[in-house]
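Structure at a glance
Below, each chain spelled out in residue letters.
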There are 2 protein chains.
Amino acid sequence: MGLKEQKPNGVQAGWKFLGTETRFESGVFRLREDSVELDGGKQIDYAYLERAPAVIVVPITTAGEMVLIKQYRYAVDEWCLEVPAGGTHDSGGASLEEVARKELREEAGASARSLTYVECFYAAASLSDEKSHVFLAEGVELSKELWTEASETIEVQRVPVAQAIKMARNGAIKTGPCALAILLCESRLSSYLPEAPDSLATAVAEGDGCDSGSGV
Amino acid sequence: MGLKEQKPNGVQAGWKFLGTETRFESGVFRLREDSVELDGGKQIDYAYLERAPAVIVVPITTAGEMVLIKQYRYAVDEWCLEVPAGGTHDSGGASLEEVARKELREEAGASARSLTYVECFYAAASLSDEKSHVFLAEGVELSKELWTEASETIEVQRVPVAQAIKMARNGAIKTGPCALAILLCESRLSSYLPEAPDSLATAVAEGDGCDSGSGV
């Protein structure tokens, strides 16, 4: 255990790295547990995931519809409406844009005329170092074929852009990073909206009846 | 290893649970690895995190400002602008609203006149079963005192609601779940905006220069 993984901003924040252990490793992430001395001398163990950056692609067809995929998610045991996304852990040095095109092709059977880099965010800053990079894909054309992995069960859907934005706003798109990716693209989507985009901002959120009751 | 954790929707999707092992456990999450037989007979190991639901609180002061907290995040080694949030893993059976009030008090030193349940989403549906529940807190009053944990280093800031929404849209709020929580509240925030809320929807995203170059 050396001190070679001292984090520059951490030092400034009073977090002193003492050592690290790998607790679990898969092809997708590494779970590490760091020993850290906080300001004032208290020592803690901080467990978090190291993950390669991810890409999220918001695909708009030549007809001005958004391409959504409905995917079974084992962790939550639910079918989730999403946009194509994936990690760069197995990308073999490909650029983020290349990975975005690959996910679009594999998960939606689609190709895009143009890709625009939009924004990035941390998927879960308390738990993981994963950065999600959002691309807007325009001029998207669908084929019939998908190249999904064995664990991916996917249905492709096309919805009007205004409806997709509404679904991101009202909780119909329950996978948080995908909903955020759509909303981060919103300012670039006005040319696909039949009416003033502004009406969306004041639309009443509808939700789907998540249990907000007491006792969790 | 029994079959007692067969997931109802998983069966329908062709995912047959064979067994599970706990690979790591902390006070905050459990890392489990399930053996699953997919449609067609292929067996895979699927590792994911079990986490208690989380709450995210979007706090609006009586003066119509949003309360943001600037927090050091060790996993990403960065100071992140966020809204108060936290897990229910140590809530001892308290309701989601009670946990939301606790996080607001502890992380922002604030109390709220009213809390409204807004929406929920999955933080990372491929990796974790965590559900994030969003509350809008209104009539918020700040005190000087914070009740932070040893690993929390926090600065409290107040910004006009319109600016906070813009920051969620342009990547200045880099913690994805917090940015999404703010945008999920947007339709309920129009009374706090000085001008038509619609101008925000078409504001040009500014970003902060995330590296989108090739090779990651």
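Residues numbered from 1 in each chain as written. Chains lettered and ligands numbered in written order. Predicted model: local features only at pLDDT ≥ 70, side-chain atom pairs only at ≥ 80, totals over all residues. Heavy atoms only, no water.

The next subject is the overall build of chain A. Counting its regular elements, chain A contains five helices and 11 strands. For chain A, with 216 residues in total, the buried portion stands at 56%. Expressed as a percentage of contacts within chain A between residues at least 6 apart in sequence, the contacts between residues at least 24 apart total 55%. Total accessible area computed for chain A in this model is approximately 8,800 Å², and 44% of it derives from carbon and sulfur atoms. (Helix = DSSP H or I, 4+ residues; strand = E, 2+ residues; numbered from the N terminus. Buried < 20%, exposed > 50% of the residue type's maximum accessible area, 1.4 Å probe, protein only. Contact = heavy atoms within 4.5 Å. Areas by Shrake-Rupley, 256 points an atom, 1.4 Å probe, with all protein chains shown as cover.)

All names here are of chain A. Spatial ordering of the open sheet is given by β1-β2-β3, a layout of three strands whose pairing is antiparallel. Whereas interior strands pair on both sides, the edge strands pair on one side only; in this sheet they are β1 (16-25) and β3 (43-50). On average, each strand axis in the sheet is inclined to that of its neighbour by 25°, with strand direction left out of account. One ladder, built from eight bridges, connects β1 with strand β2 (residues 30-37); its direction is antiparallel. Note that in β2 the partner of Lys16 across the bridge is Glu37. (Pairing = 2+ DSSP bridges. Axes fitted to C-alpha atoms, helices over the stretch in contact; angles between N-to-C directions.)

Okay, the pairing of strand β2 (residues 30-37) of chain B next. Most of β2(B) sits inside the fold, with six of its eight residues counted as buried. Between β2(B) and the antiparallel strand that follows it, strand β3 (residues 43-50) of chain B, lie five residues; Gly40(B) among them carries a positive phi value of about 100°.

Another aspect to go through is the pattern of salt bridges. When their charged atoms lie close together, side chains carrying opposite charge are able to pair. Overall, the coordinates contain 26 salt bridges over all chains when judged by the stated rule. A salt bridge links Glu119(B) to Lys174(A), with the shortest nitrogen-to-oxygen separation between them at 3.6 Å. With Glu119(B) in strand β9 (residues 114-122) and Lys174(A) in the loop between α3 (161-169) and α4 (176-185), the pair connects residues from two separate chains. Note on Lys174(A): relative accessible area 7%, which makes it buried. Where salt bridges share partners, they join Glu5(A), Arg30(A), Arg32(A), Asp34(A) and Glu50(A) into one cluster. (Salt bridge = Lys/Arg side-chain N within 4 Å of Asp/Glu carboxyl O.)

The next thing to look at is the packing of aromatic side chains. Under the criterion given, the structure shown has 18 aromatic pairs over all chains. For the ring pair Tyr48(A) and Tyr74(B), a centre distance of 5.8 Å and an interplane angle of 90° mean the geometry is edge-to-face. Separated into two different chains, Tyr48(A) in strand β3 and Tyr74(B) in the loop between β5 (65-73) and β6 (78-82) make up a pair that spans both. Neither residue differs from the other here; Tyr48(A) and Tyr74(B) are each classed as buried. Taken together, a centroid distance of 5.1 Å and an interplanar angle of 15° make the contact between Tyr74(A) and Trp15(B) stacked. Of the two residues, Tyr74(A) sits in the loop between β5 (65-73) and β6 (78-82) while Trp15(B) sits in the loop between α1 (8-12) and β1 (16-25), which places them in two different chains. (Phe/Tyr/Trp six-rings, centres within 6.5 Å; stacked < 30°, edge-to-face > 60°.)

Let us now look at the confidence of the model for chain A. Residue and element names in this part refer to chain A. Predicted confidence across chain A gives a mean pLDDT of 88, with 83% of residues reaching 70 or more. Considering only residues more than four positions removed or in separate chains, one finds that residues 201-209, a stretch of pLDDT under 50, has 18 contacts. Within the model, pLDDT remains below 50 along residues 211-216, and this stretch shows 14 contacts once partners closer than five positions in the same chain are excluded. (pLDDT = per-residue confidence, 0-100.)

Let us look at the pairing of strand β10 (residues 131-142) of chain A. Regular strands place side chains that alternate from one sheet face to the opposite one. Residues and elements named next belong to chain A. Of all 12 residues in β10, nine are buried; the element is thus mostly enclosed. Where strand β4 (residues 54-61) meets β10, seven bridges bridge the pair, whose relative direction is parallel. Within β10, the position partnered with Val58 by the bridge is Leu136. Examined bridge by bridge, strand β8 (residues 110-111) and β10 share two bridges and lie antiparallel to one another. Bridging from a neighbouring strand, Ala110 pairs with Leu142 of β10. Examined bridge by bridge, strand β9 (residues 114-122) and β10 share eight bridges and lie antiparallel to one another. Of the residues in β10, the one forming a bridge with Ser114 is Glu138.

For the rest of this paragraph, the subject is the sheet that holds β3(B). Residue and element names in this part refer to chain B. Strand order in the open sheet formed by three strands is β1-β2-β3, and the pairing between neighbours is antiparallel. Both edges of this open sheet fall to β1 and β3, since each of them pairs with a single strand only. Within this sheet the neighbouring strands show an average axis-to-axis angle of 25°, counted without direction. Where β2 meets β3, eight bridges bridge the pair, whose relative direction is antiparallel. Bridging across to β3, Val36 finds its partner in Ile44.

Here we take up the environment of Asn170(A). Residue and element names in this part refer to chain A. Inspection of the secondary structure puts Asn170 in the loop between α3 and α4. What makes Asn170 buried here is its relative accessible area of 10%. Only 3.0 Å separates the side chain of Asn170 from the backbone nitrogen of Ala172, close enough to count as a polar contact. (Polar contact = N/O pair within 3.5 Å; in protein donor to acceptor, adjacent residues only side chain to side chain.)

Among all residues save glycine, negative phi is the norm, and among peptide bonds the norm is trans. Here Asp77(A), not a glycine, exhibits a phi torsion of approximately 50°, which is positive. Assignment of secondary structure puts Asp77(A) in the loop between β5 and β6.

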